[in-house]
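Coordinate analysis (summary)
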Amino acid sequence: MKRHPALASLSRDHHSALRLARELEDVGRGGGRDPVRAIEALQRVWKTELAGHFAWEERWFGRILAETIELELLLAEHWNLRKHIEAALALTAPSAQLNLRIGHIGVLLRAHVRWEERVLFPAVERVASEDDLAQMLAAADQPASGF
Ligand SMILES: [Fe+2]
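Residue positions are counted from 1 within each chain, in the order its sequence is given. Two thresholds apply to this predicted model, a pLDDT of at least 70 for residue-level local features and 80 or more for giving and counting side-chain atom pairs, whereas whole-chain, interface and lining totals are computed over all residues. For the side-chain quantities, the full set of heavy atoms in the structure was used; hydrogens and water were omitted.

1. Quick look at the overall build of the protein chain
Each helix is a run of DSSP H or I of at least 4 residues and each strand a run of E of at least 2, with the numbering of both proceeding from the N terminus. Counting its secondary structure elements, the protein chain contains 5 helices and 0 strands. Its helices and strands taken in sequence order, the protein chain reads α-α-α-α-α from the N to the C terminus. Over its C-alpha trace the protein chain gives a radius of gyration of 16 Å, about what one expects of a compact globule, namely 15 Å for 147 residues. Across its three principal axes, the protein chain shows a C-alpha extent of roughly 50 × 30 × 25 Å. Every radius of gyration here is taken over C-alpha atoms, with the globule rule written as 2.2 Å times N^0.38, N being the number of residues.

Okay, here's the thing in structure tokens:
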């Protein structure tokens, strides 16, 4: 299904989130890259893309999907991911706990992105007015606005 242009830049972010998720899952299985390097990659993507992406979704979908189960689930999943990411970023020394946390974040992030693409975005496309979508599209050109 073709995504509305107002959601296209969020879908592009999801491609890089899925790449990161796969890397993190590999570390969790004991393969892939050095876990300390994986934490550095997580920190970089979190600070430069994902944290702002979460805030953007909450800001816009909080209004468009107000009082829906989709919004409730979105906020709960973001809360959970933030909590696990912050806990992982606080760990710097290699340990079994670090690998486990990294792998768990990968699993959560992949499932979250897939849920947004399959359930959340179609709900936004169904519920949003043309005006909402036009405003969102205009704001997507200025991703830093409001943060
Ligand atoms: Fe997202």
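Still more ground to cover, so stick around.
2. Here's the deal with the environment of Pro 5
By secondary structure assignment, the location of Pro 5 is in helix 1 (residues 5-28). Taking the C-alpha atoms as reference points, Pro 5 and Leu 137, 132 residues apart in sequence, are found 6.8 Å from one another.

3. Quick look at the coordination of the iron ion
Six octahedral donors around a metal ideally sit at 90 or 180 degrees from one another, while four tetrahedral donors ideally sit at 109.5 degrees. For Na, K and Ca the donor cutoff is 3.2 Å, while for all other metals N, O and S atoms count as donors only within 2.8 Å; water does not appear among the atoms, so some sites may look incomplete. For the iron ion, every protein donor is listed as His 14 (NE2), His 53 (NE2), Glu 57 (OE) and Glu 116 (OE), and the spread of their distances is 1.9 to 2.2 Å. Irregular is the default label, applied whenever a site is not tetrahedral (four donors, all angles between 85 and 135 degrees) and neither square planar nor octahedral (four or six donors, opposite donors over 155 degrees apart, all other angles between 65 and 115). Each of the 4 donor atoms around the iron ion contributes to a set of angles spanning 80 to 166 degrees, which defines the coordination as irregular. One chain supplies every donor to the iron ion, and in sequence these donors are spaced H-x38-H-x3-E-x58-E. Remark: Glu 57 and His 53 occur in helix 2 (residues 35-64); sequence separation between them is 4 residues, near one turn of the helix.

4. Looking at the pattern of salt bridges
Put simply, a salt bridge is a Lys or Arg side-chain nitrogen that is within 4 Å of an Asp or Glu carboxyl oxygen. In this structure the tally under the stated criterion is 7 salt bridges. Here Arg 3 makes a salt bridge to Glu 117, at a shortest N to O gap of 2.9 Å. Residue Arg 3 is located in the segment before helix 1, and its partner Glu 117 is located in helix 4 (residues 96-127); the two are separated by 114 residues in the primary sequence. Buried residues are those whose accessible area, probed at 1.4 Å on protein chains only, stays under 20% of the maximum for their type, while exposed residues exceed 50% and partly exposed ones sit between those limits. Accessibility expressed as a relative area gives 22% for Glu 117, which makes it partly exposed. Close ionic contact of Glu 125 with Arg 3 constitutes a salt bridge, the shortest N to O distance being 3.2 Å. Residue Glu 125 is located in helix 4, and its partner Arg 3 is located in the segment before helix 1; the two are separated by 122 residues in the primary sequence. By relative accessible area, Arg 3 is classed as buried at 16%.

5. Describing the side chain of Glu 57
Working convention for charge: Lys and Arg count positive, Asp and Glu count negative, and His plus the chain ends are omitted. Here Glu 57 is buried and forms no salt bridge, its nearest opposite-charge partner Arg 82 lying at an N-O distance of 8.1 Å. Every residue pair with non-hydrogen atoms within 4.5 Å of one another is taken to be in contact. Residues within four places of Glu 57 in sequence aside, it is in contact with Leu 10, His 14, Gly 62, Leu 74, His 78, Glu 116 and Phe 121.

6. Some details on the nonpolar core
Of all hydrophobic cores here, the largest spans 22 residues; its most connected members are Leu 20, Leu 24, Leu 42, Leu 50, Ile 102 and Leu 109. At 8 residues, helix 2 tops the list of elements feeding residues into this core. Leave out the neighbours within four places in its chain, and Leu 24 touches Ala 38, Leu 42, Ile 102, Gly 103, Ile 105 and Gly 106. Residue types Ala, Val, Leu, Ile, Met, Phe, Trp, Tyr and Cys, when buried and joined through side-chain atoms within 4.5 Å, form a set referred to as a nonpolar core. In terms of nonpolar packing, the next biggest core, distinct from the first, is built from 20 residues, Trp 56, Leu 120, Val 124 and Ala 139 among them.

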